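# Architecture and fold: a report
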Protein chains: 2
Amino acid sequence: MIYLDNAATSFPKPEAVCAEMDRCMREYCANPGRGGHALSIRAGMAVNHAREKISEIFNISDPMQLVFTKNATEAINIAIKGAACEGCHFITTAMEHNAVMRPLKTLERDMGAEISIVSGNSIGEIDPEDVREYIKSNTVMVISTLSSNVNGIVMPVADMGRICREAGVLFLVDASQGAGSIALDVEACMIDMLAFPGHKGLLGPQGTGGLYIRRGIMLKTLMEGGTGSNSEYIYQPGIMPDRFESGTMNTPGIAGLGAGAGFVIKTGLDRIHEHKSYLVSLLTDGLSQIPGIIFYSVADKNRNSGIVAINVGDLDSTELSCLLDRDFGICTRAGLHCAPAAHGVLGTERRGIVRFSAGCFNTENEIFNAVDAVDRIVSSTKYKYP
Amino acid sequence: MIYLDNAATSFPKPEAVCAEMDRCMREYCANPGRGGHALSIRAGMAVNHAREKISEIFNISDPMQLVFTKNATEAINIAIKGAACEGCHFITTAMEHNAVMRPLKTLERDMGAEISIVSGNSIGEIDPEDVREYIKSNTVMVISTLSSNVNGIVMPVADMGRICREAGVLFLVDASQGAGSIALDVEACMIDMLAFPGHKGLLGPQGTGGLYIRRGIMLKTLMEGGTGSNSEYIYQPGIMPDRFESGTMNTPGIAGLGAGAGFVIKTGLDRIHEHKSYLVSLLTDGLSQIPGIIFYSVADKNRNSGIVAINVGDLDSTELSCLLDRDFGICTRAGLHCAPAAHGVLGTERRGIVRFSAGCFNTENEIFNAVDAVDRIVSSTKYKYP
């Protein structure tokens, strides 16, 4: 099997991630807490370790401002809804995932929120100055993906951050694609809130993610419940990170995420990005030799987080992806990737795109095999394509 | 170490739970989906398996009405907020956890919701007819715990369900304590929504939980995002369970939960409950020989899900719990257990309670050792108690 669906979930995981999760399940999966019994303290230490490791990756000075969530979607919902009010205005890009678009559309419908969508060029790259144009008196937040989950295109978040800070508008970055390989400094990029999944580039397990909230930003809560702190207080406490971590946490998952983040730090984000970029360029070069391939991604490592997005002739994306899986054991992702607006930009809203997404464990040989498989599908009379 | 904190998280886990999680992490932790590549299909099968096993435990006829969440707190928030509207009325009991109380108080503050709290007797047992008294024209929901997380007292959910169904009011049960040992049939008990954690009596890992929603009940969403279904639709789709499962799911956790639920079914809920009840009666008997012990729980197996709740003399609960941990390696939970109102009922809001909660893997000997430890703390001059 050749796994090229790392933009959905990275696979395989480092041995340390699997080992730490198993250790947690067998030795210390009690409720993490600052006090409590020995097992509870050990669980709390694993959670703190993960908080510190991830803070190191994003240059978050106070790990207590980092909230663990079940995935990036929860983190984005907390951020957007926590700051929303009647008639407020959001600015976002056309390359966003439904994790951003659907909460915004829901607020528009139920709360009279306004949404402005910044369109970019034909592959989704936006001009940060366009963001400035949209900012008005009721703008509360600008939301941008770090990199598109459809074609990997990288957004100018540092420039957007500066523009938002100057205008006094909150800046939320969805780092679902790129966290763990694209260097991202919340201070330097003036990011107020950063949502990320644990199970993609940070190499942790599914069921983990997080939200960094800059100190001083007070959001409404999406959920309330037991926090283990101020238990006698009838409302949700303001203390961080408890305010957004109600109920029992995913200790084994977070312990695994801590190990994943540790692996990323030890390996080096730059090295991981270089490797993925090299594979993207190999795959792009190889596929470009095959007649009938249409590219929606670029090979430039400064503009791509690790995705090759293509179609073949007028073939439906699902068909090519299924053949790659069925006949060659190659895992890719077809369809709309939960980002219909991005496909609108790319002109692929009808048939989708076949997405090849590289991970840090993919090899040259796997890429050569993938190119060969596409070539055989395209050229073989068996498949009658193109 | 003697672990008697199973009401927080059950520990240890069955071997099959640890093994399945590890297998998932190493072999198939891709994004679960109905279509997609081979690994994605295998992940989807593990999620479906867990959905079916848990449906079997609660007699849920359509597993698609079962939504996976990160914990019971998320499930309760989805249920309560999904049905809330301006000026609506909720009825609940004084024995509820902050996972119920805090969302309700937040709705009261922010949405003008009304809350009625049914008080019971001195150990929290309520008369279901009292619930009927509180129902009025704007009542939308009655919420009851299956069993208190402070003293294990079991609530008359079947009677409450009948009363709610007759009155046309939604009935939400928080099965955080008791799921996996107390037989609970959503049809027979006329339960409209059932929230549960995966990591307690169902023996799965932390980071899992769920909400059953009876077919025909349409709730507003708490979160929106990618569902892998109707991706081109700009709002959250209505299809179940996708409507409430946005973003990447906790596949390894849910796979482990499926194994946990399978273990519970194979062992038999009745047998697990019998075992826990036997340990509760042993512990209660043993502790009642020690002078100065105050009980807040009963030993009757029909009225207790598996908790012995005590204090010693006028000692603070935290002190006793810490001594048990430090000097005897016995894990218990002191304080308010995130349920201040329940402690109000029991008269322990100031010093809390020491909670011993049995699990299906605890042994007679562990109970004897726990009794001995309390006896030594109480009688030893070293500790100067009572």
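Structure: see above.
Let us look at the structure shown here. Just so we're clear, the structure is a prediction, and the values are computed from it rather than from any experiment. (Residues numbered from 1 in each chain as written. Chains lettered and ligands numbered in written order. Predicted model: local features only at pLDDT ≥ 70, side-chain atom pairs only at ≥ 80, totals over all residues. Heavy atoms only, no water.)

### A short note on the interface of chain A and chain B
Defined as follows: In what follows, a contact means two residues having at least one pair of non-hydrogen atoms within 4.5 Å. Two parts placed together each lose some accessible area under a 1.4 Å probe, and the buried area is that loss summed for both. We define a salt bridge as a contact between a side-chain nitrogen of Lys or Arg and a carboxyl oxygen of Asp or Glu at a distance within 4 Å. Any pair of N or O atoms that falls within 3.5 Å is considered a polar contact. Within protein, one atom must be able to donate a hydrogen and the other to accept it, and sequence-neighbouring residues count only if both atoms are side-chain atoms. Every helix listed is a DSSP run of H or I at least four residues long, and every strand listed is a run of E at least two residues long, numbered separately from the N terminus. In this classification, Asp, Glu, Lys and Arg are treated as charged, Ala, Val, Leu, Ile, Met, Phe, Trp, Tyr, Cys and Pro as nonpolar, and every other residue, Gly included, as polar.
The interface of chain A with chain B comprises 77 residues on the first partner and 76 residues on the second. For the pairing of chain A and chain B, the buried interface totals around 6,000 Å² over both sides, and the portion due to carbon and sulfur atoms is 56%. For the chain A face of the interface with chain B, the top three residues by lost area are R102, Q206 and E224 of chain A, together amounting to 13%. Our count for the chain A to chain B interface comes out at 6 salt bridges. With its nearest N and O atoms 2.8 Å apart, the salt bridge here joins K70 of chain B to E74 of chain A. Joining chain A to chain B, the criterion identifies 40 residue pairs in polar contact (both at pLDDT 80 or more). Taken together, the elements giving at least two residues each to the side of chain A that touches chain B come down to helix 1 (15-28), helix 2 (38-58), helix 3 (72-83), helix 4 (98-111) and helix 7 (251-267) of chain A. Broken down by element, the side of chain A that touches chain B gets its largest block of residues, 10 residues, from helix 1 of chain A. The class makeup of the residues in the side of chain A that touches chain B is 32 nonpolar, 28 polar and 17 charged.

### Thoughts on the packing of helix 1 (residues 15-28) of chain B against helix 2 (residues 38-58) of chain B
Residues and elements named next belong to chain B. For the record, the criterion: As a rule, the C-alpha atoms of each element are fitted with a line to give its axis, helices using only the stretch in contact, and angles between N-to-C directions run from 0 to 180 degrees. Each angle gets one of four labels, with under 35 degrees taken as roughly parallel, over 145 as roughly antiparallel, 65 to 115 as roughly perpendicular, and the rest as oblique. Should the near helix be turned anticlockwise from the far one by less than a right angle, the crossing is termed left-handed; should it be turned clockwise, right-handed.
Following both chains from N to C, one finds helix 1 and helix 2 inclined at 165 degrees, their axes separated by 11 Å at the closest point. Overall, the two elements helix 1 and helix 2 adopt an arrangement that is roughly antiparallel. Once helix 1 is placed against helix 2, the crossing between them reads as left-handed. Across the interface between the two elements, R23, E27 and Y28 of helix 1 pack against L39, R42, A43 and A46 of helix 2.

### Here's the deal with the relation of the copies chain A and chain B
Going by this rule: We place the copies in one frame by least squares, fitting the C-alpha atoms of every residue whose pLDDT is at least 70 in both.
With an RMSD of 0.0 Å, chain A superimposes on chain B once it is rotated by 180 degrees and translated 0.0 Å along the axis. The two molecules are tied by a two-fold rotation axis, judged by turn and shift. In this assembly the copies share their binding face: 99% of the residues contributing to the interface of chain A also contribute to that of chain B.

### Details of the side chain of S148 of chain B
Residue and element names in this part refer to chain B. Convention followed: Categorising residues by exposure relies on relative accessible area from a 1.4 Å probe, with only protein chains included: less than 20% of the type maximum marks a residue as buried, more than 50% marks it as exposed, and the intermediate range marks it as partly exposed.
Along the chain, S148 turns up in the loop between strand 5 (139-145) and helix 6 (157-167). Judged by its relative accessible area of 0%, S148 is buried. Among the polar contacts made by the side chain of S148, one reaches the side chain of N151 at a distance of 3.2 Å. Apart from the residues lying within four places of it in its own chain, the contact partners of S148 are M95, I153, Q177 and I307.

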